[in-house]
Structures are given as C-alpha cells and as structure tokens.
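Architecture at a glance
The residues making up each chain are set out below.
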Protein chains: 4
Amino acid sequence: MTGATATLLISCPDQRGLVAKLSNFIYANGGNIVHADQHTDFLAGLFLSRIEWQLDGFKLPRDVIRPAFGAIADPLEATWTLHFSDAIPRLAIWVSRQDHCLYDLLWRHRAQELNAEIPLIISNHESLQEIAEQFGIDFHHIPIAAENKPEQEAKQLELLQQYRIDLVVLAKYMQVLSAEFVAQFSNTINIHHSFLPAFAGANPYQRAYERGVKIIGATAHYVTADLDQGPIIEQDVVRVSHRDETADLIRKGKDLERVVLARAVRLHLQNRVLVYGNRTVVFA
Amino acid sequence: MTGATATLLISCPDQRGLVAKLSNFIYANGGNIVHADQHTDFLAGLFLSRIEWQLDGFKLPRDVIRPAFGAIADPLEATWTLHFSDAIPRLAIWVSRQDHCLYDLLWRHRAQELNAEIPLIISNHESLQEIAEQFGIDFHHIPIAAENKPEQEAKQLELLQQYRIDLVVLAKYMQVLSAEFVAQFSNTINIHHSFLPAFAGANPYQRAYERGVKIIGATAHYVTADLDQGPIIEQDVVRVSHRDETADLIRKGKDLERVVLARAVRLHLQNRVLVYGNRTVVFA
Amino acid sequence: MTGATATLLISCPDQRGLVAKLSNFIYANGGNIVHADQHTDFLAGLFLSRIEWQLDGFKLPRDVIRPAFGAIADPLEATWTLHFSDAIPRLAIWVSRQDHCLYDLLWRHRAQELNAEIPLIISNHESLQEIAEQFGIDFHHIPIAAENKPEQEAKQLELLQQYRIDLVVLAKYMQVLSAEFVAQFSNTINIHHSFLPAFAGANPYQRAYERGVKIIGATAHYVTADLDQGPIIEQDVVRVSHRDETADLIRKGKDLERVVLARAVRLHLQNRVLVYGNRTVVFA
Amino acid sequence: MTGATATLLISCPDQRGLVAKLSNFIYANGGNIVHADQHTDFLAGLFLSRIEWQLDGFKLPRDVIRPAFGAIADPLEATWTLHFSDAIPRLAIWVSRQDHCLYDLLWRHRAQELNAEIPLIISNHESLQEIAEQFGIDFHHIPIAAENKPEQEAKQLELLQQYRIDLVVLAKYMQVLSAEFVAQFSNTINIHHSFLPAFAGANPYQRAYERGVKIIGATAHYVTADLDQGPIIEQDVVRVSHRDETADLIRKGKDLERVVLARAVRLHLQNRVLVYGNRTVVFA
C-alpha cells in the first residue's frame, strides 16, 4: 500500500444505512478503502467508525472533501474529524528529570515508527537539555512552582502556539496541568505509572509496593481536568514478586511506561483512537 | 442487541467499491448492520470481510438471501458463506483419556458461552463415558489401532452424518486423522499442546522440558491433511521455570489448552474466523 | 522425589547465620532438603524462609520435631509453622450462585492438583446443591440476611468446627464476612473479580466497563476484617477492548477467577505462602 | 543492602547436607547471607545453588576464599564459580545494522541497570559508529565475508583479549560465529528474534508471517557451536493479528528483543544464571 490516504473518524446516533452512506461517499468519488472498521455501542445508541481510503484517484480535491462530507454528516448529527496522512502532526514532548520515555520516543521517531514532527521539548528541569540538543530539537526550560504556575502555563501555551503544536505528549512530566490549561489545549497524552484506576495520583510504585500487588502496570490516557481520570488509550502490565523493592518496581515500570506511551502515541498519530464520553474506541 | 442476525464471511480479489457494494446490499433491503469489519491482504491482493446484520426488518426472505447475494458476489469472483445466528450448529467432541478440555467445553456450553448443540462424543477409550452420561450426551467408543483405522474412520464418518454434525472438536483426541478422513470431513478444530510451529507432533511437553524453554504454549487450529500444519485460530502461552518438571508443564499446559480451545471454538461458532491459504483472519 | 516431607515456614528478625542454623538442624538429624528458599526484607529487617525436607531417614520422630525446633526458634524470636505433606488439610468451599470456581476446584481436586480433602460446601443459595451431590460432598444451605447474619455466621463456624476445616475458600461467595467471624476463623482465601486495589467492593466489572480500562484482572487474597484489603497471593489479567460489554468482561473474568483462585489455593496447600504484615512471600 | 558481596554459583551431585555445608562455610567465617536459593534436578540427580553474602565483616580475605571453598567443594565433585560484586565485568557489544538493542543496552548502562563496563563495540558494518562515538565507546569495524571469516574472527578474538572482555553480547549481530570461535570464547549471549525452537535460523519474522502465528517471541540464549540451540536464559512474547504484515512483526519484535536481551544480560551480570547441560537455572 502506498500513497497518501484520508482517514475519517466519526460517531453519530445509530441508525440503518450508516456503513452504506459512508462507503458510498468514498466509492462514488472513486476512492479505494484500505481500512474500514465500525463499532456500535448499543448502550449509548452510538455508531462509531474509522474509514481510511487512498487519495490517489479520488475525484474530490482535498479542500472540497470537508464541505462535501459535511453535507452527509450534518443530517446524521455526526461528530467527525478528517485527517490526511501526509499532513504530518507536530508534537511537543514534555519531560521532567527522567529520560527513558523521551529517549524512547526520539529513537522511535528516528526509526520512523512515529509519523510526526517533533520540534519542541519543554521541561521544568534542565537535566535533559543535552538529549534535546543531541537530537537537534528546541528545548525550553520552564520551571514550575506553586506561585508562578499561571504565568508559566501561559508561556507554555504561547510556545505550543508558536511551534504550531498539534499534540502534547507528557513523557513523565511530573506536574499536574491546571484545568485552565486543559481548557485551552486539550490534545494531550499522559503516561501514568500505574494500572489505573489503581494508584492514581502520586507515588504509585511506592503504594503498589506497600499494597503487596503481584502485578504492576502503566496507563496512557488523554489528559482531562480531572487528574488521571481521562479516557484510557492503552495499558500493559508486568509481574513482580516479593523480591522486588520499590526501586525494582520503578525499574520494571520504566519498560512498561516506554512501550505503553509509545503505542498510545502511535495509535493516536495513525488516527486510530476515537474518544466518546470517558471511553476510547481503538481501531487497531 | 436482540433478535436473529445474518453473517456474511467473504473474500475476493481487491477492487474499489467492495465495502459500498456489500453495505448497499444490506441497506437497500432494510437491514441494520451490527458488525462490519474488513481486512485487505495487500500481498495477496485479497479483500476479506465479515458483515453481520439484524434479520428483523430485513426485506428479503431467508431463502432468497443466498441467490440474491450470489448475483452480487459472482462478478466479484468471491468466496463466501452465509450464516444465520438461530441456525444452531451441531458439534461433536472427540476425546481420548484426558477430561479437562471435554469438561471445560461442556461447562461452557451449559453456561451458554457456546451457541451450539452437542449431541455426540466419540472416544477411542471408554474412560470418559461417565462424563458423557452425566451431561446426557451420546457416547460412542471407537478404539483405533493401526490395522483397523480405515474401518473405524468409516464408522466415525457415519456417526458424523447420522448426527448431522457441522463441527468436530478434537479435545485432546490423541489420534492423527488420515488424509482420507480430512478430505471427507473438513470442519475440524484441534488443540495442540505446544506453541506451534515449535514442538509439532508427539510429546511436546517432554520436548519443551528438554529444550529448556522459559514459556510454553497451546495452539488451536483447523485440521488439514498435514499434521499440526493447519491454519491457526488462537494461541496462548504461560511462563515456566527450571522448577517445572515435565509433569508441571503438563499441568500448567492443561489450563492453556482449555482456554485456547474454548476461545477458538467460540470464535468459530460466532463465524468470526475466515480461512484463506494457510492463514486465518479473526474478526474479533 | 517421593515420600512424605516436612515443611517449615519461618520469619524472624534478620541476623547472621540463620540459613546455617536452619539447615544444620535438618542435616544434623539426617534430613534431605528438597527445597530451600529464603528472602530478606531489608526494609522490615526480616528474614523469611521456607525449607522442605524428606521425612524418610529423618531421625526425629514427628512429635519431637516441633519442640526440638522450638528450642532453636525461640532465641531467634521467630514466627513459624511446621507442616507434614501427608497430613492432608481439610477444605470448605463457600459459594453463592455462580458455579465456575466451584466446578474448577472440584475438577482439579479430582485431577489431584490439590492436596486436600473437601468434605464441605456452604452456600447462601440452594442452586449449586446438585453439583455438591454429584461430587459426593456435604452441602449446607445457610441463607444470609442483614437481620440474621450473626446467627448464621455462628452456624457456619459450628460447621467448620464439626468438619474440622483448616481452610475456607470463598469461591465467589458474594457475602462479606463480619470482623467477628474473621477473628474466630482466619484461614480464608477469597477471589475478588478485579485487579486489586482497583475496583474493590461491589460490581467491579460494571465499574471497569464504565472506566474504560483496556485490561481486567482477578485477585486471590487472604481475608481480613477489611473488605478486599487482605494480603494478596496471586493476580492475573486479560486484555479487553471497546467491543467488550459488561457481560463480556464477566465472561472473560470467569476464566481469570478460576485460574487465579486455583493457583492461590494450590500455593497455600503446598505451604508456599508466608504472610507478614499485609504482604505475602510466595516461595514458588 | 549496601557494600560488596560475594556470590557462589555451584552445582554438584545431590546428597544430604549440601545446604548446611554451604551456609556453614559462610556463617563460620562471619558472612551475612543476603540471598540463598537452591534447586534440585531430581532427574539429573543434581543440586544447584546460588548464595550471595556480604563481604563486609567476612573473615576470609578475598584471595583465600577460593582455595578455602575449594577444599569443601572438591569432595562434593562440585562445579562452581565465585564472583565479587565490585569486580565489574567488561562487556563487548556486537552489532550489524540495527540499532535498537545497542541503544537500549547503552541507555540501561547509563541508567545503572547493568553493572558492567562497556569499552568495545564490534560491527561488520560502519553504520552504528556514530552511536559508539556518542557514548564514548571504541568502535571496530570488522566486515565479514565467506572467504575472510577465519582471519576476521582471529581479529575479533584479539580485540576481546586486548580489551579484557568477559562477556560478548550479540545485539542483533546477524552473523553466525564459527565453532572454532565459540571454542575459544564461550561467554556469549545472543538475542534471537523468534520464540525458539520455532523459527531457528534466518528470517524468523517472515516465516512467522507465512505460518500465520498469533503470537511472536524473542529468545536470549548462550551461544554454542549449534546455531540457535544454546541454553535459553529468557523469552517473551507479544500478540499479533492478521493485520500485522512482516514489517509490523519486525517492529513489534524490536520491543521484545530489547527487553528480552536486556533482562538476560542483567541476570547474567548479577550471576543469577547457572548453566547445566543445555538448560539454565535462573535464580531470579
């Protein structure tokens, strides 16, 4: 499969003929569907779908696709987004002191696993500046304290705008974003170092140790105004034993955090994640 | 979701408009799609799809659906099957001496996890007859030896016909089916007690022990004339350690075998498995 | 390895020479150690060990081993228990309406995976009486209501005494044991249908569905006066997706519950679990 | 736990009193055991053990421990090695063109997960030289062709000697070592990109795709003269589906390879792996 594709993520009240309407729109315009998946949430009475088709040979010019499809979607009361695979999203990585998720994302980016540009790294510490330089990415140090948080968040928002950032990835950024910030920039993925909803909040590995669990986990989720309560994209776990002290849980957890965050970011960048309510459909 | 559904499993050479053609057929006749999934194998140039829709409100009578859809499918050079959810498949379970998979399938059947009738158990030993009686299922003892295999397989085929069996489940039936048998009855699922293709053939746990593996597995697959080479439906694994002797691998493996076989049978009964070449698409 | 063994589970403040003192006691009396494992919890300053040795050829008569070892253990301020592999523990299974864990334990018992006698099943419903009869086990129906709980728990305790029960297994017994009950009979294993500490309490699958988790779990733990807070013995998990409704989580969870509970009971019966504080060491 | 430790890895014919003899040796000389684990292979009649104790307060000088313990081990016909935790092993990483395992090991080394020095990287290609420079490690390019293999392996052996290498890690070094090489340097860990013994040899992901497996794996093992047949240290797996083409298996496999190789190297460096016959005991 080659060439640019368009991807439609759509949800609307369930009714007869939705698959036909969507596929006819593409077929009638000469598109070749390369992926189509749908899900019906019978409880919510909701139809959710992802359709991806090749733009090569598609009769509608790109700037016409949106209005043309809108004419179909409006009567369905649909919520939808349209993405072109060659419109590369711009991603900012936010970190604190730990480097494992940052390194991992940058390595995957170089290995072409992540279809994105990464022009910006923001940190509340200076320690990872060197890595940013090594990969040739702008690094901005914005320390956060209780008393300066609003100003600093304003600076962060300004940077996101200036760098035209589409997605923020909190790669072990150990600060809570304010509800005001989230209201202004909502497209943010966080990695939490526990199997949510267990051990939401601070020090999850320490608390996992104290509870004596036999398995630990990591959770990638979209950020909402409620700490660690946003829609979950991906989770994974690893076994631990009585021999594992908190430091071992942290070490084992790093491997989880890297892979869970990377999977979530990749799924998002491939437009495979559809959020509704506090849930996600992952068209994997 | 309630009421009977129809499910179409279809594969054909890839071309534009296939999703539209399939969904239009259903929509034009007033059907409500409850599940639609498709996959394109770009290497093989093949489109594969599963569509399930509610029969309630569908305008075509059941006996007309096949010829009507055939008119659409023929020009596409499609291979397809159609299933009605209230046409309950009839299943025969074949066993030898081990009871764990048999028990598990019967328990799941009673718990309504398996949408099937189970009128027949065949075994080359008498030891599990009591379980068959306990669940009120006919039990036929057909011992197999090198010299009587052709006659015994003829008897088995006769029983399958007499009981109108749609699917045979080899639930630890420790005999190899002859190529002649497979040619005459092809809808058979086997559970092999290894992570295929490792340890195909006899004594996989003993050989896994000798090789010193750290993980063992089980594999459910369709039976073909080539031993343990058929299309794989489902696999799963469990960790083992140096403390596990062959007897421990057998014990741990039983838990795998039960669950892997049950998942495969359930997927098959839900018409979620599409075989092409020596591969399966599992629309889960 | 054949013949009866003795197993010592011991914990005491850490100090030099503990392994030597334990192993010398056994060696000096002609015992052959078949399993020895130890763990040091450096945070708690605690040494914990399991030693198992063959009784064949051991010079001390059984009734002398306890006082003899006591003379060694007392100066170490040790907590310890001694178990003989041919003193078969007596187990009571408590159930409500669901049969999967009960069936699984009884099947494993018959398959000789569980070294125990199972003379007693207690239920607050009558629905599983037939299974008890089928396996030839006494069944006592003790319905529980808010107003009669103290009397009914008194009856339950009386039955445990009458049947000389060593271990109670709550195999989906959907009632909370009172603190008074737990104070009088403490050796109880429960299976909770979530990945604790997530979703402690009622309706975990429903809440897991609502939270939109991508993995569900089950937890086997010792029962304490605090609901779902006791020391964890074993946990396991399985992936779920947006396609899984609450009923699917329940179905998938049953497979987890069966295997997690069975593993925990087996580990306990092999005297491989040592509890200290709210944690367990599992000498697997 | 702080301070240097000594670790003994020992195997010998099973007999009474082995644990006592080992622990007495340490206790009598004032050592404090921090880890002791043993395993008896009843089939092989072999006792295998790992004991680690703090050197602080141990009465025997380091150079006396070996002869002193030898006097105990000789009558037991034991095979044993002794390791001091502050004698840091020197590790060479061999690579071809793929960077993921190299990067991962170097990141872990910097994160202090691997107690080793890494002075040398050898490759049959030049492409990863830059990474070596970035981490300040000597890089030697030794291209291999059918006609020059003996000379090139002689160069490699010379480098191992010159750099005083204790352990070679084949981090996706896509060349087969000759039996002659293995005879001269035997302490080598390889990562194979399949779940051995499935898909030993070349192109495992391609063959896994063709076989239609539902799970892929990776295996870390010691290198012997027989390709992919050496003692297995660690394995892990990940699910795949019909949507995964060979390129996806390769991508998913990289994550497995990184973590499986890293775990194996860490276990080896902690002297937790004891090889006997073609098996390993992993005292984890």
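The rules behind the values
- Residues numbered from 1 in each chain as written.
- Chains lettered and ligands numbered in written order.
- Predicted model: local features only at pLDDT ≥ 70, side-chain atom pairs only at ≥ 80, totals over all residues.
- Helix = DSSP H or I, 4+ residues; strand = E, 2+ residues; numbered from the N terminus.
- Rg over C-alpha atoms; globule rule 2.2 N^0.38 Å.
- Buried ≥ 20, exposed ≤ 12 C-beta atoms within 10 Å, placed from the backbone.
- Contact = placed C-beta atoms within 7 Å.
- pLDDT = per-residue confidence, 0-100.
- Least-squares fit on C-alpha atoms with pLDDT ≥ 70 in both.
- Axes fitted to C-alpha atoms, helices over the stretch in contact; angles between N-to-C directions.
- Parallel < 35°, antiparallel > 145°, perpendicular 65-115°, else oblique.
- Left-handed = near helix turned anticlockwise from the far one by under 90°.
- Nonpolar A, V, L, I, M, F, W, Y, C, P; charged D, E, K, R; others polar.
- Pairing = 2+ DSSP bridges.
- Domains from an automatic or database assignment.
- Right-handed = clockwise from strand over helix to strand, strands pointing away.
- Core = buried A, V, L, I, M, F, W, Y, C linked by C-beta atoms within 7 Å.

So, on to the overall build of chain A. From N to C terminus, chain A includes eight helices and 13 strands. For chain A, whose C-alpha radius of gyration is 21 Å, the value lies close to the compact-globule estimate of 19 Å for 284 residues. Based on the C-alpha atoms only, the size of chain A along its principal axes is roughly 60 × 40 × 35 Å. When each of the 284 residues of chain A is scored for burial, the buried share is 45%.

Our focus in this paragraph is the interface of chain C and chain B. Across the contact, six residues belong to chain C and six residues belong to chain B. Here the element with the most residues in the side of chain C that touches chain B is helix 8 (residues 246-269) of chain C; it accounts for three residues.

This next bit is on the confidence of the model for chain A. Overall, the prediction assigns chain A a mean pLDDT of 96, with 99% of residues at 70 or greater. Predicted complex metrics record ipTM = 0.95 and pTM = 0.97.

Now for the relation of the copies chain C and chain B. Least-squares fitting of chain C to chain B yields an RMSD of 0.0 Å, with the transformation described by 0.0 Å of translation along the axis and a rotation of 180°. Such a combination of rotation and displacement between the chain copies is what one expects of a two-fold axis. Here 100% of the interface residues in chain C have copies in chain B that are interface residues too; the copies meet face to matching face.

Let us now look at the packing of helix 7 (residues 204-211) of chain A against helix 8 (residues 246-269) of chain A. Any two packed helices are characterised by the angle at which their axes cross and by the distance between the axes. Residues and elements named next belong to chain A. Following both chains from N to C, one finds helix 7 and helix 8 inclined at 125°, their axes separated by 9 Å at the closest point. Judged by the angle between their axes, helix 7 and helix 8 are oblique. The hand of the helix 7/helix 8 crossing is right-handed. Along the contact surface, helix 7 presents Tyr205, Gln206, Ala208 and Tyr209, while helix 8 presents Thr246, Leu249, Ile250 and Gly253.

As a further point, take the relation of the copies chain D and chain B. Once chain D is rotated about the relating axis by 180° and shifted along it by 0.0 Å, it coincides with chain B to within an RMSD of 0.0 Å. Looking at the interface residues of chain D, 95% of them are also at the interface in chain B, so both copies use one shared face.

Listed by partner, the interface residues are 22 residues for chain D and 21 residues for chain B. Contributions of two or more residues to the side of chain D that touches chain B are made by strand 11 (232-239) and strand 13 (279-282) of chain D. Tallied by class, the residues present in the side of chain D that touches chain B amount to ten nonpolar, seven polar and five charged.

A few words on the sheet that holds strand 11 (residues 232-239) of chain A. All names here are of chain A. On the basis of which strands lie adjacent, the open sheet formed by seven strands has the order 7-6-5-8-9-10-11 and mixed pairing. In the strand order of this sheet, the two ends are held by strand 7 (138-141) and strand 11, each with one partner. Geometrically, the sheet is characterised by an average inter-axis angle of 15° between neighbouring strands, direction not taken into account. Pairing of strand 9 (residues 188-192) with strand 10 (residues 215-222), which is carried by four bridges, proceeds in the antiparallel orientation. When the bridges of strand 10 are listed, His192 appears paired with Thr219. Against the sheet, helix 8 makes contact with strand 8 (167-170), strand 9, strand 10 and strand 11, and its axis sits at roughly 150° relative to strand 11, the strand it touches most.

A few words on the domain arrangement of chain A. All names here are of chain A. In terms of domain boundaries, chain A breaks down into domain 1 (5-84) and domain 2 (90-282). Taking only C-alpha atoms into account, the centre of domain 1 sits 31 Å from that of domain 2. Contacts between the two partners involve eight residues from domain 1, matched on the other side by five residues from domain 2. Mapped by element, the contributors of at least two residues to the side of domain 1 that touches domain 2 are strand 1 (5-13) and strand 3 (46-54).

Bringing the pairing of strand 2 (residues 32-41) of chain B into the picture now. Residue and element names in this part refer to chain B. Judged from the nine bridges that link them, strand 2 and strand 3 (residues 46-54) form a sheet pairing that is antiparallel. Following the sheet pairing, Asn32 is matched in strand 3 by Gln54. Turn length for the strand 2-strand 3 hairpin, with the two strands adjacent in sequence and antiparallel, is four residues, and the turn residue Gly45 shows positive phi of about 65°.

A few words on helix 1 (residues 18-28) of chain D. Owing to its 3.6 residues per turn, the α-helix brings residues three or four apart onto one side. Among the eleven residues in helix 1 of chain D, eight count as buried, and that is most of the element. For helix 1 of chain D, the set of buried residues is Leu18, Val19, Ala20, Leu22, Ser23, Phe25, Ile26 and Tyr27 of chain D. Structurally, helix 1 of chain D contributes buried residues whose contacts are with helix 1 (18-28) and strand 2 (32-41) of chain C together with strand 2 (32-41), strand 3 (46-54) and helix 2 (62-73) of chain D. A positive backbone phi angle near 80° is found at Gly30 of chain D, which sits one or two residues after helix 1 of chain D.

Residue Leu196 of chain B is joined to Pro197 of chain B through a cis peptide bond whose omega torsion reads 10°. In this structure, Pro197 of chain B sits in the loop between strand 9 (188-192) and helix 7 (204-211). At Asn203 of chain B, a position not held by glycine, the phi torsion is positive, near 55°. Relative to the elements of secondary structure, Asn203 of chain B occurs in the loop between strand 9 and helix 7. Its identity is not glycine, yet Phe199 of chain D carries a phi of approximately 60°, on the positive side.

Bringing helix 3 (residues 100-110) of chain A into the picture now. All names here are of chain A. For helix 3, the buried fraction is high: nine of the eleven residues fall into the buried class. For helix 3, the complete set of buried residues consists of His100, Cys101, Leu102, Tyr103, Asp104, Leu105, Leu106, Trp107 and His109. Phi for Gln112, located one or two positions after helix 3, is positive at around 65°.

To continue, consider the sheet that holds strand 10 (residues 215-222) of chain D. One key point about sheets: their strands pair by backbone hydrogen bonds, in either a parallel or an antiparallel sense. All names here are of chain D. Spatially, seven strands are ordered 7-6-5-8-9-10-11 in an open sheet, and the strand pairing comes out mixed. Taken across any chain shown, the strands that pair with only one partner, and hence form the sheet edges, are strand 7 (138-141) and strand 11. Taken over all neighbouring pairs, the strand axes of this sheet differ in orientation by 15° on average, direction set aside. Pairing between strand 6 (residues 117-123) and strand 7: four bridges, direction parallel. The partner of Ile122 across the bridge, within strand 7, is His140.

All names here are of chain D. Relative to the elements of secondary structure, Ser178 occurs in the loop between strand 8 (167-170) and helix 6 (179-184). With 20 residues separating them in the primary sequence, Ser178 and Glu158 have C-alpha atoms 15 Å apart. Apart from the residues within four sequence positions on either side, Ser178 is in contact with Lys149 and Glu153.

On to the pairing of strand 6 (residues 117-123) of chain B. All names here are of chain B. Summarising burial for strand 6: five of the seven residues are buried, a large majority. Where strand 5 (residues 90-95) and strand 6 come together, five bridges link them in parallel fashion. Pairing of Trp94 across the sheet is with Ile122, part of strand 6. In this region the chain leaves strand 5, passes through helix 3 (residues 100-110) and returns to the parallel neighbour strand 6; the handedness of that crossover is right-handed. Each parallel crossover has a hand, and for strand 6 linked through helix 4 (residues 129-134) to strand 7 (residues 138-141) it is right-handed.

Grouped burial of nonpolar side chains is what soluble globular proteins tend to show. Counting 326 residues, the largest nonpolar core has Ala171 of chain A, Ala171 of chain B, Ala171 of chain C together with Ala171 of chain D as the members making the most contacts within it. Excluding anything up to four places from it in sequence, Ala171 of chain D contacts Ile93, Trp94, Val95, Cys101, Leu102, Leu105, Ile191 and Leu261 of chain D.

All names here are of chain B. One can find Phe84 in strand 4 (residues 79-84). The class of Phe84 is partly exposed, set by 14 C-beta atoms lying within 10 Å. Measuring from C-alpha to C-alpha, the distance between Phe84 and Asn124 comes to 34 Å, with 40 residues separating the pair along the chain. Not counting chain neighbours up to four residues away, the residues in contact with Phe84 comprise Ala4, Ala6 and Arg62.

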